[in-house]
Amino acid sequence: MTFSLTVLGAATPYPAPDAACSGYLLRAGATKVWVDAGFGTFQNLQRHLEPTELDAIWISHLHLDHSHDLQTAFYGLAYGGFALKAPIPVYGPPGWVAKYFGEHAGHFSDMTDVFEPHEIAEDWSHRIGDLRLSVCRVRHSQPAYGLRAEYEGRVLVYSGDTAPCEELVRLAAGADLFVCEADFDSPEQRTHLILHSTPEEAAGMAQAAGVKKLMVTHVAYSLGADVATARAAAAFGGPTVTARDNETHEI
Ligand SMILES: [Zn+2]
């Protein structure tokens, strides 16, 4: 059965004309999960499925380049004439409902008509059909999670946004595909508020976790995805690819 990842966007911190921010579509057999909803990803999602087909939405953290299109999706699904059979379960970090659907959000419909809200905690895990999801807390400036998805013996791990961390290495152990951010050119860019990894640090985590393949994502425009991928590949020494919008990878 199919187990695949489609890149809906990999840009940060803003979308370019042909590049959406962070988002992925995970397909495992008949199960479909939208992972991260950065700017532009609801648009790209519609190239691959009807949004009403989603079984769940999962959000790594509440920075806008990973979560903004929750609002876009709400507008589409609440007012756009889609025939939604039941509210879509959304698994997000603590506070996502208040941030996007609090009393000043100004929506005309009730959020729960469209989304069934759930919050992620450190030990969160969940099963949708035969797809198993679990998380770890990663190192970012606000509560942020890495995701492990397992289906028929194959494993995908997604870093979300993070500085290098042991928790993510453990989560990624033996993964067939490790999708890791490589935002920074140099570790010196790191501050207590801005926490990301370099291509070499992404490669170091991939190596330590013994993953089979590395996908480089969430690269700053100033660094460039091709340069970041080449640097990560040299440091990792194994198969390394770039996350490109609307490309699908079998896991
Ligand atoms: Zn972030």
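Residues numbered from 1 in each chain as written. Predicted model: local features only at pLDDT ≥ 70, side-chain atom pairs only at ≥ 80, totals over all residues. Heavy atoms only, no water.

1. With respect to the pattern of salt bridges
Pairing is possible between side chains that carry opposite charge, provided their charged atoms lie close to one another. Considering all chains together, one arrives at nine salt bridges under this definition. Of the charged contacts in the structure, one is a salt bridge between Asp-185 and Arg-231, with a shortest N-O distance of 2.5 Å. Of this pair, Asp-185 sits in the loop between strand S11 (177-181) and helix H6 (199-209) while Arg-231 sits in helix H7 (residues 225-236), and the two are 46 residues apart along the sequence. For Asp-185, a relative accessible area of 43% gives the class partly exposed. Close ionic contact of Arg-190 with Glu-201 constitutes a salt bridge, the shortest N to O distance being 2.9 Å. A residue pair is termed long-range when its members are at least 10 positions apart, and Arg-190 in the loop between S11 and H6 and Glu-201 in helix H6 qualify at eleven residues. Residue class for Arg-190 comes out partly exposed when judged on its relative accessible area of 23%. (Salt bridge = Lys/Arg side-chain N within 4 Å of Asp/Glu carboxyl O. Helix = DSSP H or I, 4+ residues; strand = E, 2+ residues; numbered from the N terminus. Buried < 20%, exposed > 50% of the residue type's maximum accessible area, 1.4 Å probe, protein only.)

2. Observations concerning the nonpolar core
Residues Phe-3, Leu-5, Leu-26, Trp-58 and Leu-156 are the most contacted members of the largest nonpolar core, which totals 29 residues. At the level of secondary structure, the elements contributing two or more residues to this core comprise strand S1 (3-9), strand S2 (23-28), strand S3 (31-37), strand S4 (56-58), strand S8 (131-137), strand S9 (145-151), strand S10 (154-158) and S11. In terms of residue count, S9 provides more of this core than any other element does, four residues in total. The next biggest cluster of nonpolar side chains, apart from the first, holds 27 residues, and it includes Val-138, Cys-180, Val-219 and Phe-236. (Core = buried A, V, L, I, M, F, W, Y, C linked by side-chain atoms within 4.5 Å.)

3. Looking at the UniProt feature "domain: Metallo-beta-lactamase" (unreviewed entry) in the chain
Feature annotation in UniProt assigns "domain: Metallo-beta-lactamase" (unreviewed entry) to the following positions: residues 32-218. Helix makes up 25% of residues 32-218 and strand 27%, whereas the separation of the span's terminal C-alpha atoms amounts to 22 Å. (UniProt positions renumbered as here; feature names shortened; annotations may be inferred.)

4. Quick look at the state of the cysteines
Summed over the entire model, instances satisfying the criterion amount to zero disulfides. Distance from the sulfur of Cys-165, which forms no disulfide, to the nearest cysteine sulfur (Cys-136) is 5.6 Å. (Disulfide = S-S within 2.5 Å.)

5. Some points on empty space enclosed by the protein
If you walk through the whole model with that rule in mind, you get one cavity of 30 Å³ or more. In this structure, the largest cavity spans a volume of roughly 40 Å³. Along the walls of the largest cavity sit Leu-5, Tyr-24, Leu-26, Val-35, Leu-147, Leu-156, Tyr-158 and Val-179, which together make up its complete lining. Those elements that place two or more of their residues in the lining of the largest cavity are S2 and S10. Across the lining of the largest cavity, the residue classes tally to eight nonpolar, no polar and no charged. (1 Å grid on protein atoms, 1.4 Å probe; cavity = no way out; pocket = protein on both sides within 12 Å on 5 of 7 lines; lining within 4 Å. Points joined across faces, edges and corners; volume = space filled by probe spheres on them. Nonpolar A, V, L, I, M, F, W, Y, C, P; charged D, E, K, R; others polar.)

6. Quick word on the sheet that holds S2
Picture the strands of a sheet paired through backbone hydrogen bonds; they go either parallel or antiparallel. Spatially, S6-S5-S4-S3-S2-S1-S14 is the arrangement adopted by the seven strands of the open sheet, whose pairing is mixed. Each end of this open sheet is capped by a strand with a single partner; those strands are strand S6 (115-119) and strand S14 (248-250). The sheet shows a mean angle of 20° between the axes of neighbouring strands, taken without regard to direction. Here strand S5 (residues 88-92) pairs with S6 via five bridges, running parallel. What sits directly across from Tyr-91, in S6, is His-118. Running at roughly 140° to S1, helix H1 (residues 41-48) makes contact with S1, S2 and S3 of the sheet. (Pairing = 2+ DSSP bridges. Axes fitted to C-alpha atoms, helices over the stretch in contact; angles between N-to-C directions. Contact = heavy atoms within 4.5 Å.)

7. A look at the coordination of the zinc ion
Looking at the zinc ion, the protein donor atoms are His-61 (NE2), His-63 (ND1), His-140 (NE2) and Asp-161 (OD), and they sit 2.2 to 2.3 Å from it. Metal-centred angles of 90 to 169° between the four donor atoms at the zinc ion mark the site as irregular. Written as a sequence motif, the donor residues of the zinc ion are H-x1-H-x76-H-x20-D. You can call His-63 partly exposed: its relative accessible area is 23%. (Donors = N, O, S within 2.8 Å, 3.2 Å for Na, K, Ca; no water. Tetrahedral: all angles 85-135°; square planar, octahedral: opposite > 155°, others 65-115°.)

8. Some details on the environment of Leu-214
The residue Leu-214 is located in strand S12 (residues 214-217) in this model. Separated by 19 residues in the primary sequence, Leu-214 and Ala-233 have C-alpha atoms spaced 8.2 Å apart. Non-local contacts of Leu-214, meaning those with residues more than four positions away in its chain, are made with Phe-178, Cys-180, Ala-203, Ala-206, Ala-232, Phe-236, Pro-239, Thr-240 and Val-241.

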